[in-house]
Every structure is written in C-alpha cells, then in structure tokens.
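Results of the structural survey
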Amino acid sequence: MTRRASLRAWLGAALAAAALGAVALVAVPGQDAFPPAPGPGQPLGAATPAPPVDEADKSRTEAVSDLLDRRAAAIRDRDEKAFLATIDPAADKVFRYNQQRLFQNLANVPFSAWTYELRPDDTVDVDDLPDEDAARADELWAPAVDLRYALRGGDVTATSRAMGYLFARHDGAWYLRSDKALEKLGRRTWRGPWDFAPCQVTATRHGIVLSHPGNDQMVERLVRELDPSVRAVGDVWPTSWSRRVVLMLPDSVGEMKELVGPNFPVQSVVAVAVADRVDNASRTVTGQRVVLSPDGVRALSIPSLRVVLRHEITHLAARADTVDGSPIWLLEGFADYVGYRDSDVTLEEGAPDLARQVREDGLPTSLPEDRAFRASGSELDQAYQQSWTLARFVADRYGEDTLVELYRKLAAVGPASARRTDDLLRDVLGMDRARLVSDWQDYLRDALK
C-alpha cells in the first residue's frame with residue numbers, strides 16, 4: 001500500500017473541487033403580493049398591456065431553437081449528416097473539423113437525455129466581436145444556451161452546462177458558427193470528455209466508467225472496485241442517495257482541468273468529487289462525477305485505489321446533506337474514515353506525519369482549520385491525518401452511528417460560529433470543542449505512544 005503522506009497529497013483538494021463544482025440552486029420567486037400600478041390613462045384594475053412582440057426577434061428565436069432541436073436529435077439518433085447540416089459552412093475549418101470529431105467521439109456514449117435550452121433574453125453583444133467573426137454573415141446572435149444531458153446508467157437526473165455558442169444567419173438560414181468566439185466576451189463553452197477523444201463506457205450495477213480507448217487495464221481495475229465501493233459507503237451512510245456513480249478517466253491534465261475547473265490544482269490530486277448543482281433544501285444534486293487523475297490513479301496499489309474510491313464516493317453520497325461552508329475537518333475526516341474503514345491500516349500507518357509530530361513536537365492543540373486544506377506539502381498532510389484520526393476517535397469512543405450523526409448535524413448548518421459549533425457538539429457528543437480536543441489528545445497519546 002502506498003504511503004499515506006503521498007496519498008494525502010493526491011487527495012488534498014478534493015473538497016475544494018466540490019465547492020468549485022457545486023452551484024447552489026436559487027428558488028424561483030413567487031408572484032408579487034400586489035399587482036403593478038396601472039399605467040397613465042389606465043383605469044384601476046385594468047391589465048397592463050404586454051409589450052409589443054418583435055416579429056424579427058420571434059422568428060430568430062424560433063429558427064435557432066429549431067436548429068438546436070435538430071442538433072440534439074442528430075446526436076441522439078446518431079445522424080451525422082443531420083448534425084453537420086447545423087454547422088455553418090462558412091465557419092472556420094478547424095471548428096467544422098472539431099465538430100465532426102465531436103460527433104464521432106460521442107458514438108459509444110449512452111445518453112438518456114441530450115437537449116438544449118435557449119435563453120434569448122440573456123445575450124452577448126456581438127458588436128464587440130472582431131470583424132473576422134462577423135464576416136460572411138448577414139446577422140450574428142449570441143443568446144445563452146444550456147446543454148442538458150444525462151448519462152444512462154450513471155445519472156438519475158439530467159444536469160446542465162453552459163455552452164458559449166455563436167450563431168450566424170446567411171442565405172436565409174441560421175447555423176452554429178463557433179463555440180469559442182465568445183470567450184473574448186467572457187462566455188465559455190463547457191467541454192466534456194467527448195471534446196477530447198473517442199469515449200467508451202463500461203457499465204456496472206452501480207454506475208459507469210467513462211474513459212478513452214487504450215486504458216483497458218485501468219478500466220478493469222476501476223470496474224472491479226466500483227460496486228464494492230458503493231456498497232461499502234452505503235453500509236455507513238444511512239440517508240437515501242442514488243447509489244449511482246460516474247467515474248471519469250481523462251487522458252490528460254488539460255482534460256481533467258476542463259472537467260473539474262481551470263483553477264483547480266489537478267497535478268496535486270489523484271481524484272476529485274465534483275457536482276454541477278446542489279440544492280440542499282430539496283436534496284437534489286446533479287452532475288456528480290468522480291474525476292480521476294490520468295497519472296496519479298495509475299500509481300495506486302489496489303488497496304490505495306479502494307481507499308480513494310470510497311473516500312470520493314462518500315462525498316457523493318453525503319453531498320445533498322452537506323451545506324457549503326461546513327468544517328472541512330469533519331467532511332474530509334469522515335470521508336477518510338469510510339475510505340479506511342474496512343482496511344487493516346493502523347493509526348500510525350495511516351497518520352505517519354502526525355505520529356512523528358506527536359513524538360517530536362507534541363500533540364495538536366486545536367481542530368484543523370479550513371485554511372490548512374488549501375495548503376500544500378506537510379501542512380496539508382497533517383490536516384488530513386488529524387481529521388481522519390478525529391473521525392476515528394469519535395467512532396471508536398462513541399460508535400459509528402454517532403459519527404454519522406455528528407456529520408449530519410454539523411454539515412447541515414454550514415458556516416457556524418464557535419458558540420454554535422460548541423452547541424452542536426454538545427448535542428451529539430456531550431462536549432464542546434475544548435473537551436473534544438482534550439479527549440482526542442488522550443486518544444492520540446495512547447495510540448501513538
């Protein structure tokens with residue numbers, strides 16, 4: 001089994017990715033309590049007339065909506081000719097080539113949904129585009145477009161991602177002109193694994209592994225471990241969750257960055273749990289993925305891979321019950337507890353840096369701070385090892401059910417004051433932070449002496 005310090009460096013920013021990938025849903029506001037005041041000359045109680053419909057705008061919206069419907073149908077029906085007919089023949093040759101490759105790369109991906117949503121009220125001003133983008137077009141239009149898709153066997157609910165599409169009209173018809181031109185204006189197109197290479201999907205009872213050709217050996221390892229890992233997490237986490245997991249194995253660091261976020265330090269992790277949207281009130285989560293490092297995951301032994309998968313799948317299982325801003329020591333410590341639960345790893349084997357610190361410099365004097373999980377090197381390793389031993393201490397002293405209850409109580413609150421945190425700890429453990437640290441110190445002293 002690989003050393004835990006190395007494993008920590010790979011796991012280091014897993015929760016940060018969850019925060020990057022999770023976008024809180026905003027509830028749709030209700031109707032106004034009072035109707036709007038009548039306009040000049042209108043009698044009280046008269047309905048406010050609707051603004052006049054711009055027939056040109058309506059025609060454009062209908063034409064581009066039809067274009068997107070045909071594009072989606074072509075992907076679902078595997079009709080390459082119909083798909084390419086939606087691409088502007090006057091578009092850049094590289095774009096047209098990439099679109100053809102995109103269609104081919106999707107051939108082996110099973111979708112239960114693939115549609116587009118057009119939002120014509122949210123547009124980018126195309127007058128700010130360079131002249132070359134407007135060439136060979138009677139009109140350009142850049143409305144907001146969302147891709148809504150679901151992977152069969154992995155997604156229970158479809159997710160949506162923003163697409164930075166530029167449309168062009170010429171010869172009386174509308175076409176897709178570009179998916180990059182709007183980057184200059186701040187609107188990017190989300191890239192999926194199919195934007196990089198042909199995809200292949202291997203299904204298991206509890207999920208799928210999405211990869212690219214040439215990774216058969218790694219895929220076999222993942223397939224063998226996926227279902228047992230889901231069952232292991234389900235044995236600990238009692239709250240209802242889908243028990244469906246999508247593992248993504250990219251081919252490059254660049255692809256991984258696209259899947260987890262451009263600012264994420266992908267070189268320092270072996271796996272990242274992400275989600276597109278989280279609504280804690282309705283316990284709805286969409287777009288959950290475990291994205292694996294193309295290099296890091298191959299360096300893992302089978303026992304280490306097992307720990308990594310169970311750790312990340314724990315984040316998926318608990319996501320709907322985890323409010324953004326919850327204490328990271330709890331979230332990561334609990335995920336590690338589940339990851340190591342069925343292993344024979346001792347406290348000293350699993351926390352070698354912490355054991356060394358205890359012997360040479362003394363015991364930790366406080367709970368790990370959130371900032372430590374944004375660090376690197378030994379500070380990051382220490383934060384994870386302390387968090388894991390905290391979770392293990394609670395489970396050993398009070399039982400696994402109490403650890404789960406502690407997670408659910410604290411994670412349901414999100415950011416909490418010191419006083420509020422003490423109250424929650426008393427509710428579950430009968431002690432405040434100071435007593436928790438003191439008892440944890442005794443636990444470490446006995447285990448690591």
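For the structure given in this document, a descriptive report is provided here. (Residues numbered from 1 in each chain as written. Predicted model: local features only at pLDDT ≥ 70, side-chain atom pairs only at ≥ 80, totals over all residues. Heavy atoms only, no water.)

**What about the sheet that holds strand β2 (residues 111-123)?**
The criterion, for reference: A strand pair is defined by DSSP finding two or more bridges across the two strands. To qualify as a helix, a DSSP run of H or I must reach at least 4 residues; to qualify as a strand, a run of E must reach at least 2; elements of each kind are numbered from the N terminus. Under this scheme, a helix contributes an axis fitted over its contacting stretch, all axes are lines through C-alpha atoms, and angles between N-to-C directions fall in the 0 to 180 degree range. Two residues form a contact once any of their heavy atoms are found within 4.5 Å.
One open sheet holds the three strands; their spatial order is β2-β4-β5, and the pairing between them is antiparallel. Both outer strands of the open sheet, β2 and β5 (159-163), are each paired with one neighbouring strand and no more. Geometrically, the sheet is characterised by an average inter-axis angle of 25 degrees between neighbouring strands, direction not taken into account. By the bridge criterion, five bridges tie strand β4 (residues 143-151) to β5 in an arrangement that is antiparallel. Each bridged residue has a counterpart across the sheet, and for Val145 the counterpart in β5 is Met163. Packing of helix α3 (residues 55-77) onto the sheet brings it into contact with β2 and β4, and relative to β2 it is tilted by some 160 degrees.

**Quick notes on the nonpolar core**
This is how it is decided: Definition of nonpolar core: a set of buried residues of the types Ala, Val, Leu, Ile, Met, Phe, Trp, Tyr and Cys, connected through side-chain atoms within 4.5 Å. Exposure is judged per residue with a 1.4 Å probe applied to protein chains only, and the accessible area is read against the type maximum: over 50% gives exposed, under 20% gives buried, and values in between give partly exposed.
Within the largest apolar cluster, 72 residues are counted, with the highest numbers of intra-cluster contacts made by Leu222 and Leu436. Considering every element that reaches this core, the biggest residue donor is helix α13 (residues 377-398), with nine residues. Excluding residues that lie within four positions of it along the chain, Leu436 makes contacts with Trp329, Leu367, Leu390, Phe393, Leu425, Leu429 and Met431. Listed in part, the 44 residues of the second largest apolar core include Tyr116, Leu151, Trp174 and Val291.

**Things to note about the environment of Asp138**
With respect to the helices, strands and loops of the structure, Asp138 is situated in the loop between α6 (131-134) and β3 (139-141). Sequence-wise, Asp138 and Arg169 are 31 residues apart; in three dimensions their C-alpha atoms are separated by 5.6 Å. Setting aside its immediate chain neighbours within four residues, Asp138 contacts Arg169, His170 and Asp171.

**Thoughts on the environment of Pro303**
Along the chain, the position of Pro303 falls in helix α9 (residues 302-318). Expressed as a C-alpha distance, the spacing of Pro303 and Ser343, which sit 40 residues apart in the sequence, is 8.0 Å.

**Some remarks on the pattern of salt bridges**
To be explicit about the condition: Just to be clear on terms, a salt bridge is a Lys or Arg side-chain nitrogen sitting within 4 Å of an Asp or Glu carboxyl oxygen.
Within the structure shown, the criterion is met by 29 salt bridges. Asp155 is the partner of Arg289 in a salt bridge, and the nearest nitrogen-oxygen pair spans 2.7 Å. With a gap of 134 residues between them, Arg289 in strand β14 (residues 289-292) and Asp155 in the loop between β4 and β5 connect regions that are remote in the sequence. Take Asp155: its relative accessible area is 12%, and that puts it in the buried class. Residue Arg426 pairs with Asp432 through a salt bridge whose shortest N-O separation is 3.8 Å.

**Section: the packing of helix α10 (residues 328-340) against α13**
Between two packed helices, what matters for the description is the angle formed by their axes and the separation of those axes. To keep it simple, the criterion reads: Throughout this description, any angle smaller than 35 degrees is read as roughly parallel, any larger than 145 degrees as roughly antiparallel, any in the 65 to 115 degree range as roughly perpendicular, and the remainder as oblique. We call Asp, Glu, Lys and Arg charged. Ala, Val, Leu, Ile, Met, Phe, Trp, Tyr, Cys and Pro are nonpolar, and the rest, Gly among them, are polar.
Following both chains from N to C, one finds α10 and α13 inclined at 70 degrees, their axes separated by 7 Å at the closest point. As the angle between them shows, α10 and α13 are arranged roughly perpendicular. Only Tyr384, Ser387, Trp388, Leu390, Ala391, Arg392 and Ala395 of α13 make contact with α10, whose side of the interface consists of Trp329, Glu332, Gly333, Phe334, Asp336, Tyr337 and Tyr340. Considering only residue class, the contact of α10 with α13 consists of nine nonpolar, two polar and three charged.

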